[in-house]
Amino acid sequence: MTTISCNVDVIEALTPTVNRVVLTPAEPVTFESGQYLQLYLSDSDKRPFSIASTPAQPQLELHIGGAVADQYASQALAHLLQQHQLKQPVQAEIGLGNAQFRADSERPLILVAGGTGFSYVYSIAQSIAATKVDRPVFVYWGVREQAALYHNATMQQWAAQNSKYRFIPVVQQLDESWQGRSGMVHEAVLEDFVSLEAYDIYVAGPFAMAGVVRSAFIEQGAHREHMFGDAFAYI
Ligand SMILES: Cc1cc2nc3c(=O)[nH]c(=O)nc-3n(C[C@H](O)[C@H](O)[C@H](O)COP(=O)(O)OP(=O)(O)OC[C@H]3O[C@@H](n4cnc5c(N)ncnc54)[C@H](O)[C@@H]3O)c2cc1C
C-alpha cells in the first residue's frame, strides 16, 4: 500500500448518475489489475473505489456513482470536482485489496459485475486482452436499466477479439427495447453453468449482490478459494 498524490484531469458523465474520473499520479504507481484505491476526503474519511484502468496505463481511471445517487459517491465526486477546479491534487492509498487478477491460473474465468462493480471487471478484462489470455472468459454485467450499460459497445468489441471471450449484459428491469438477458446478474450465471466447479470467479458490485453470489455460486459447485471479490470482506 502506497499513499500517492494525483491531479484530477477529467470528470465526465458516463450516465446521469455515474462519472468517469481520470487521475494523473505525481509519480509512477504500482498496483495490480483488480485492486482498488482509497480516496482521502479527509484524514479520517477514506473511500474505496475500484481502479478501472490497468497497471500498464499511465493514468488512473475511476467510475464513481451508482443507480441511485448516494452520499458515498456524491461526496467523493464533490471533493474531486473541488480539487479539479482549484487545480489542487487529491491524495489516495493505492494497491489495496486481495481480489486482483491471478494471471498464472489455468482455469477458465467468469467475471461478474453489478452496476459500477464494472470498474473492477473492466480493469481485469483489459489486462486479459492485453496479455492475450487464451482461456474461456465470460464477463457478466448486471444493471438495473439498459441506459446504465455505459461500456456496452466497448465490451462487445472486447469479446470480438477472441472467440473464447463472451460478454453477457443483463438488464434487471423489463424493457421492450432490450433484446438481451434480463433479471438479476447472478441468476443469468446460474442458468448458464450447470456447475461452477471448474472456474475462477471474480465479483464486484453492491454488497447484497456479493452476498447472494457467494452463497448461490458455492451451492452450484464454485470453490470458495477460487472466488475473488473485495466486497466479501465487508459482508
Ligand atoms: C472495495 C470496494 C470498491 C468499490 N468501488 C466502487 C467504485 O469503483 N465505484 C463506485 O461508485 N462505488 C464503489 N464502491 C461502493 C459500492 O460497492 C458501489 O457503490 C455499489 O456497487 C454500486 O452499486 P450500483 O448502484 O451501481 O448497483 P445497482 O444498480 O444497485 O445493482 C446492479 C446490479 O447488481 C445486482 N444486484 C443488486 N442488488 C442485488 C441483490 N440484492 N441481490 C442480487 N443481485 C443484486 C443486479 O443484477 C443489479 O441489476 C466500492 C466499495 C468497495 C468496498
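Residues numbered from 1 in each chain as written. Predicted model: local features only at pLDDT ≥ 70, side-chain atom pairs only at ≥ 80, totals over all residues. Heavy atoms only, no water.

The chain goes by NAD(P)H-flavin reductase in an unreviewed UniProt entry, where it is assigned to Rheinheimera baltica.

### Here's the deal with the environment of isoleucine 4
What counts here: Helix and strand definitions here come from DSSP, where helices need a minimum of 4 consecutive H or I residues and strands a minimum of 2 consecutive E residues; each element is numbered from the N-terminal end. We call two residues in contact when some of their heavy atoms are within 4.5 Å.
Here isoleucine 4 is to be found in strand β1 (residues 2–13). In the structure, isoleucine 4 is positioned 21 residues away from proline 25 in sequence and 6.8 Å away in space, judged by C-alpha atoms. Setting aside residues no more than four positions away along its own chain, isoleucine 4 makes contact with Val29, Leu60, Val90, Gln91, Ala92 and Ile94.

### What about the packing of aromatic side chains?
Applicable threshold: Classification of ring pairs rests on two measures: the distance between centres of Phe, Tyr or Trp rings, Trp counted by its six-membered ring, which must be within 6.5 Å, and the angle between planes, read as stacked under 30 degrees, edge-to-face over 60 and tilted in between. Accessible area is worked out with a 1.4 Å probe on protein chains only. A residue is then buried under 20% of its type maximum, exposed over 50%, and partly exposed in between.
Taken as a whole and assessed by the stated rule, the structure comprises 13 aromatic pairs. Pairing phenylalanine 138 with phenylalanine 193 gives two aromatic rings, centres 5.1 Å apart and planes at 90°, and the pair type is edge-to-face. Remark: phenylalanine 193 occurs in the loop between α4 (185–192) and β11 (200–204) and phenylalanine 138 occurs in strand β8 (residues 137–143); sequence separation between them is 55 residues. One exposure class covers both phenylalanine 138 and phenylalanine 193, and it is buried. Among the aromatic residues, ring-to-ring pairing joins Phe118, Tyr122, Trp141 and Tyr150 into one connected group.

### Re the site of the ligand
Counted only if it meets this: Nearness is defined per residue: one heavy atom within 4 Å of the molecule or strand is enough. Counting of polar contacts relies on pairs of N or O atoms within 3.5 Å, with two restrictions inside protein: one atom must be capable of donating a hydrogen and the other of accepting it, and residues adjacent in sequence are counted only when both atoms are side-chain atoms. Each residue gets one of three labels, nonpolar for Ala, Val, Leu, Ile, Met, Phe, Trp, Tyr, Cys and Pro, charged for Asp, Glu, Lys and Arg, and polar for the others, Gly among them.
Taken together, 28 residues are adjacent to the ligand, and His63, Gly65, Thr116, Arg144 and Gln172 come closest. Here an oxygen atom of the ligand sits 2.8 Å away from a polar atom, N or O, in the main chain of glycine 65. At the level of elements, β4 (45–50), β5 (60–65), β8, α4 and α5 (207–219) are the ones that each hand at least two residues to the shell around the ligand. Broken down by element, the residue count for the shell around the ligand peaks at four residues, all from α5. Classifying every residue of the shell around the ligand by side-chain character gives 15 nonpolar, 12 polar and one charged.

### A short note on the pattern of salt bridges
As a reminder, the rule being used: We define a salt bridge as a side-chain nitrogen of Lys or Arg found within 4 Å of a carboxyl oxygen belonging to Asp or Glu.
One pass over the structure, following the stated rule, counts eight salt bridges. As a salt-bridge pair, arginine 20 and glutamate 12 come within 2.7 Å of each other at their nearest N and O atoms. The exposure class assigned to glutamate 12 is partly exposed, which follows from its relative accessible area of 36%. The closest approach of N and O atoms between aspartate 134 and lysine 164, which form a salt bridge, is 3.4 Å. Here the residue aspartate 134 occupies a position in the loop between α2 (118–130) and β8, and lysine 164 occupies one in the loop between α3 (152–160) and β9 (165–171), the gap between them amounting to 30 residues. For lysine 164, a relative accessible area of 34% puts it in the partly exposed group. When salt bridges with common partners are traced through the structure, they connect Glu12, Arg20 and Glu61 into a single cluster.

### Brief notes about the sheet that holds β8
Selection criterion: Two strands qualify as a pair provided that DSSP identifies no fewer than 2 bridges between them. To obtain an axis, a line is fitted to C-alpha atoms, over the contacting stretch when the element is a helix, and the angle between two such axes runs from 0 to 180 degrees between their N-to-C directions.
Strand order in the open sheet made by the six strands is β10-β9-β8-β7-β11-β12, with parallel pairing throughout. Both edges of this open sheet fall to β10 (181–182) and β12 (227–228), since each of them pairs with a single strand only. Relative to β8, strand β7 (residues 109–114) runs parallel, the two sharing six bridges. If you follow leucine 109 over to β8, its bridge partner there is valine 137. In this fold α3 packs onto β8 and β9, with an angle of close to 155° to the strand it touches most, β9. Relative to β8, α4 is tilted by about 145°, and along the sheet it contacts β7, β8, β9 and β10.

### Re the domain arrangement of the chain
The criterion, for reference: Domain borders in the structure are assigned automatically or taken from a domain database. The term buried area means the drop in 1.4 Å probe accessible area that two parts suffer when joined, counted for both and summed.
Taken domain by domain, the chain comprises domain 1 (2–96) and domain 2 (109–234). Each of domain 1 and domain 2 has a C-alpha centre, and these two points are 23 Å apart. Across the contact, 21 residues belong to domain 1 and 16 residues belong to domain 2. The contact between domain 1 and domain 2 buries some 1400 Å² in all, and 55% of this surface belongs to carbon and sulfur atoms. The tally of links from domain 1 across to domain 2 stands at zero salt bridges. Counting the contacts that link domain 1 with domain 2 gives 10 residue pairs in polar contact (both at pLDDT 80 or more). At three residues, β5 tops the list of elements feeding residues into the side of domain 1 that touches domain 2. Counted by class, the side of domain 1 that touches domain 2 contains 10 nonpolar, 10 polar and one charged residues.

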